[in-house]
Amino acid sequence: MLRFLKWFFGFFSSYVHPFERKVDKFFRNVKSTDSISSIKDSLLALMQENLVIVSVWMEKKYKGYTYLSKSVRRKMYEDVEKIKMALADFEKNLVVGMEDLKALIDEKGLVFPVGDEEKLKYLFVIMQFLQPGRIYQYIQTASFGKLLRDPSVEKLEGDCNQIVTLYMYLYSLKYPLSDLNIKLLPEHVCLHFRNIDIEATNGTFQKYTENKEVLPATEIVSTNLLDLTDFREEVQVISPRVIVKSAQLAFAISSLKALVAKNLNIAYHNLAVGALKSNDFETAIFYLEKEGDPAGIKAAYHNGALYYLKNHDFSKARFFASKSGNPELEKTIRYNEGVYFYEKGSINSALKIFTSLGDEKMKKACYAKMYNNLVKKVINVRTLPDVKSHKSTYLKMLDLARKMGDSNLEQSVKETLSNI
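First, a word on what this report is: a plain description of the structure on this page. (Residues numbered from 1 in each chain as written. Predicted model: local features only at pLDDT ≥ 70, side-chain atom pairs only at ≥ 80, totals over all residues. Heavy atoms only, no water.)

**Concerning the pattern of salt bridges**
Side chains that differ in sign of charge can pair as their charged atoms come close. Under the criterion given, the structure shown has 19 salt bridges. Put simply, Lys22 and Glu49 hold a salt bridge, and the shortest N to O gap is 2.8 Å. With Lys22 in helix 2 (residues 18–29) and Glu49 in helix 3 (residues 36–63), this pair connects stretches of sequence that are 27 residues apart. The salt bridge involving Glu91 is made with Lys174; its shortest N-O contact spans 2.8 Å. Of the two residues, Glu91 sits in helix 4 (residues 70–93) while Lys174 sits in the loop between helix 7 (160–172) and strand 3 (181–185), which places them 83 residues apart along the sequence. Exposure remark for Glu91: the relative accessible area of 27% places this residue in the partly exposed category. Through salt bridges with shared partners, a single ionic network connects Lys75, Asp79, Lys82 and Asp150. (Salt bridge = Lys/Arg side-chain N within 4 Å of Asp/Glu carboxyl O. Helix = DSSP H or I, 4+ residues; strand = E, 2+ residues; numbered from the N terminus. Buried < 20%, exposed > 50% of the residue type's maximum accessible area, 1.4 Å probe, protein only.)

Printed below as a string of structure tokens:
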């Protein structure tokens, strides 16, 4: 029974591994306002526990690759175990001479990391294990899943981001990831260990001088989040909010705020544009404010005011107009609201608006309409007793005639009243 319940709930779950749930929960709780210092240790611990699942889940959720189904991910995790076994067998049979290793380091003008010989030796094992042409081959803009294969059946394929991620995962099987750093080069990333650059795409030691800044291991996560989608893979439509979440995550976990902020603002902008197309002005303004686009915010308020005016939602139209910074637009909204009430016969409401606007022409039009409505009440009056019974109506008509400034009407009503 217990086995059945486990299968039943697993069938309907979106996760194929308990750690996927943990990864998902962590990223869902990260906010763009979080400081890197507050989440760095937690992220590093997550990566140390299983960087492969961290990377696969990120690609599923934030890249939208349709091939990452539950069955495919389950197979990937099985193949990772085969990669680990293959590496263990490879390490047993590889003889690494420390003097030869030092010579390779010296050859590049690098300093051998005294005290970390075993760690460097293990990195060298990984470099030899993943030598291009053996079980790995480099391809541009790859998804991480192409590296997670049974090495006895097909080659592992990946770009610089992906192969660096696999290096880091294999290193984490023995040592802490805090030992490692990465370097971001022009359109490229390499692994870095104790002042030694490791070119993972071809398994060599290097001394790159284009960029001397080394970044913590956690930066590989933001780098992968911002990496291009594999053009060979079919992707599902990712909601703008998920795209923004991806950019927010990259911003939160990266120390390169200026670089990542650009991507975050682009995501905010795209989400705002999508909301504007759907006439969802509140959402658009929310993201434009996050983007920091004052001109866009004003335009959104302006367009929102016109949209709600067109749909006779005057309360919202007035609110949006008041935020647009355009007093003339506010007057236009109020004027059109008054006309709407005037045409619908809500003369008192219309008159109140035109009075507040100081529009004498439309005030007189309202008085005229009110006068004509009173005329309809007395149009069939023929006898003096009937005239007397409508005295209050004639008095209102006299007041309206005066407000209209129509002397002829005023005189006519006075004559009628003089006979009462």
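**Remarks on helix 15 (residues 347–357)**
Buried residues of helix 15: Ile347, Ala350, Leu351, Ile353 and Phe354, and no others. All buried residues of helix 15 project into a common sector of 165° when viewed along the axis, lining one side. For helix 15, the exposed residues set more than 90 degrees away from the buried face come down to Asn348, Lys352 and Ser356. Of the surrounding elements, those touching the buried residues of helix 15 are helix 14 (327–344) and helix 16 (360–378). Downstream of helix 15 by one or two residues, Gly358 has phi in the positive range, about 70°. (Arc of directions from axis to C-beta. Contact = heavy atoms within 4.5 Å.)

**Looking at the side chain of Ser13**
Within the secondary structure, Ser13 is located in the loop between helix 1 (2–12) and helix 2. Apart from the residues lying within four places of it in its own chain, the contact partners of Ser13 are Arg21 and Lys70.

**Notes on the environment of Tyr394**
Residue placement: Tyr394 occurs in helix 18 (residues 391–404). By relative accessible area, Tyr394 is classed as buried at 8%. Along the primary structure Tyr394 and Lys414 are separated by 20 residues, whereas in three dimensions their C-alpha atoms are 8.6 Å apart.

**So, the pairing of strand 4 (residues 188–193)**
By the criterion of burial, strand 4 is predominantly enclosed, with five of the six residues buried. Relative to strand 4, strand 3 runs antiparallel, the two sharing five bridges. Looking across to strand 4, one finds that Leu184 is bridged to Val189. Judged from the three bridges that link them, strand 4 and strand 5 (residues 196–199) form a sheet pairing that is antiparallel. Pairing of Phe193 across the sheet is with Ile196, part of strand 5. A loop of two residues connects strand 4 with strand 5, the two strands running antiparallel in sequence, and Arg194 in this loop sits at a positive phi of about 45°. (Pairing = 2+ DSSP bridges.)

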